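# Coordinate inspection notes
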Amino acid sequence: MNSPGSVGGRERLRLFCALRLPGEHLDGVVAWQALHVSAGRPTRRDQLHLTLAFLGSRPAEELDAIAAALGEAARAAKAPRLTVRRYRETRSVGMLVFDDEDGNAAALAADLQGRLVALGVYEPELRPWLPHLTVVRFRRAPRLHPPLPELGTRVPSDAAVYLSRLHPNGAQYEPLRIVALGG
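Rules of the game
- Residues numbered from 1 in each chain as written.
- Predicted model: local features only at pLDDT ≥ 70, side-chain atom pairs only at ≥ 80, totals over all residues.
- Heavy atoms only, no water.
- Helix = DSSP H or I, 4+ residues; strand = E, 2+ residues; numbered from the N terminus.
- Rg over C-alpha atoms; globule rule 2.2 N^0.38 Å.
- Contact = heavy atoms within 4.5 Å.
- Polar contact = N/O pair within 3.5 Å; in protein donor to acceptor, adjacent residues only side chain to side chain.
- Phe/Tyr/Trp six-rings, centres within 6.5 Å; stacked < 30°, edge-to-face > 60°.
- Buried < 20%, exposed > 50% of the residue type's maximum accessible area, 1.4 Å probe, protein only.

We now examine the overall build of the protein chain. Broken down by element type, the protein chain carries three helices and eight strands. Along the protein chain, helices and strands appear, N-terminal first, in the series β-α-β-β-α-β-β-α-β-β-β. Taking 183 residues into account, the globule formula puts the C-alpha radius of gyration at 16 Å, and the protein chain, at 16 Å, falls close to it. Its C-alpha atoms put the protein chain at 45 × 40 × 30 Å along the principal axes.

Take the environment of D100 next. Relative to the elements of secondary structure, D100 occurs in strand β5 (residues 93-100). On a C-alpha basis, the gap between D100 and A73 in space is 17 Å, while along the polypeptide they are 27 residues apart. If we skip the residues at most four places from it in the chain, D100 touches R81, L82, A105, A106 and P131. At 3.1 Å, the side chain of D100 forms a polar contact with the backbone nitrogen of A105. Among the polar contacts made by the side chain of D100, one reaches the main-chain amide nitrogen of A106 at a distance of 2.8 Å.

A word on the packing of aromatic side chains. Tallied over the entire structure, the rule returns three aromatic pairs. Look at F16 and Y162: their rings are 4.9 Å apart centre to centre, the planes differ by 5°, and that puts the pair in the stacked class. Placement of F16 in strand β1 (residues 12-20) and of Y162 in strand β7 (residues 158-165) is noted, with a sequence separation of 146 residues between them. Using a relative accessible area of 4% as the deciding quantity, one classes Y162 as buried. The interplanar angle of 85° and the centroid separation of 5.1 Å between the aromatic rings of F16 and Y173 together place this pair among those described as edge-to-face. Of this pair, F16 sits in strand β1 while Y173 sits in strand β8 (residues 172-180), placing them 157 residues apart in sequence. We note that F16, like Y173, is buried.

What follows is the structure in structure tokens.
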């Protein structure tokens, strides 16, 4: 397990767990954003990820247990194969939705979420998990209809526990613990 960020004390942390994408995939997304996402605020390259579980505000002392749960789920996971299927907008974000070709990403999300529930740090969402990458944020949906980026099938190699810090110009994400996928 890799620890690029550190925290301590009794502070509360806004945390989530997410899949990280390979650099060449991120490069392709950023190039696509430059051509097709003219409305709103495009998600920066270093902020792109596929959320597995959003935990919200948690005591800092829970970080190690959360990272251990992610590590256990990641080691047990088979490599997910993700392909862009469609562009989708909600009232505040635009996203690329992925096909989880073999169901491995959904299995990882379910395993991780189960481990986090058992720790008492996560409450499952009512809607099913959706593998997606938020690519733009906006105040009002611009109803874009961009062509899909040609990224091919991508296999994430790792996942991370992220710290989310809220700022006036949008949340900033910092990976606190990074774990490799698969045994």
